[in-house]
Amino acid sequence: MTATRCVPDEHFPTLLAYLAGLQGQARELTVQKAEALMRELDEAGAGSPDRPLLGTTQRVRQVLQLLS
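All values reported here derive from a predicted model rather than from experimental measurement.

Draft legend 1. Highlighting the overall build of the chain. When you go through the chain residue by residue, the secondary structure sums to three helices and zero strands. Its helices and strands in sequence order give the chain the pattern α-α-α, from N to C terminus. Split into buried and exposed, the 68 residues of the chain put 28% on the buried side. Considering only residue pairs separated by 6 or more positions, the chain has 64% of its internal contacts joining residues 24 or more positions apart. Surface summary for the chain: the accessible area is close to 4,700 Å², and the carbon and sulfur share equals 53%.

Draft legend 2. Highlighting the pattern of salt bridges. If you walk through the whole model with that rule in mind, you get one salt bridge. A salt bridge links Arg59 to Asp9; the shortest N-O distance between them is 2.8 Å. One end of the pair, Arg59, is in helix 3 (residues 51–67); the other, Asp9, is in the segment before helix 1 (12–20), with 50 residues separating them in the sequence. With relative accessibility at 55%, the residue Asp9 sits in the exposed group.

Draft legend 3. Broad picture of the nonpolar core. Counting 14 residues, the largest nonpolar core has Phe12, Leu15, Leu19, Ala34, Val60, Val63 and Leu64 as its most contacted members. Among the secondary structure elements, those contributing two or more residues to this core are helix 1, helix 2 (24–44) and helix 3.

Draft legend 4. Examining helix 1 more closely. Inspection of helix 1 places Phe12, Leu15, Leu16 and Leu19 among the buried residues, and these make up the whole buried set. Looking straight down helix 1, one finds its buried side chains confined to an arc of 100°; they lie on one side. Along helix 1, the residues that are exposed and aim more than 90 degrees away from the buried face are Pro13, Thr14, Ala17 and Tyr18.

Reading the values: rules and limits
Residues numbered from 1 in each chain as written. Predicted model: local features only at pLDDT ≥ 70, side-chain atom pairs only at ≥ 80, totals over all residues. Heavy atoms only, no water. Helix = DSSP H or I, 4+ residues; strand = E, 2+ residues; numbered from the N terminus. Buried < 20%, exposed > 50% of the residue type's maximum accessible area, 1.4 Å probe, protein only. Contact = heavy atoms within 4.5 Å. Areas by Shrake-Rupley, 256 points an atom, 1.4 Å probe, with all protein chains shown as cover. Salt bridge = Lys/Arg side-chain N within 4 Å of Asp/Glu carboxyl O. Core = buried A, V, L, I, M, F, W, Y, C linked by side-chain atoms within 4.5 Å. Arc of directions from axis to C-beta.

This is the structure we're talking about:
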């Protein structure tokens, strides 16, 4: 969902618009998965400022801000 290889940058706003309409269990599950991914990224990126991780982290934050 947040990987640039799966969703190119030009289509990410469309994905956010789609996610904004999620309700109920789908919304809760998406938030849970995004939070788990954020924890993984925090652990993986603790010692390295890797550019792909930075872009993915920004995308996950956008999803969490939208749905929370």
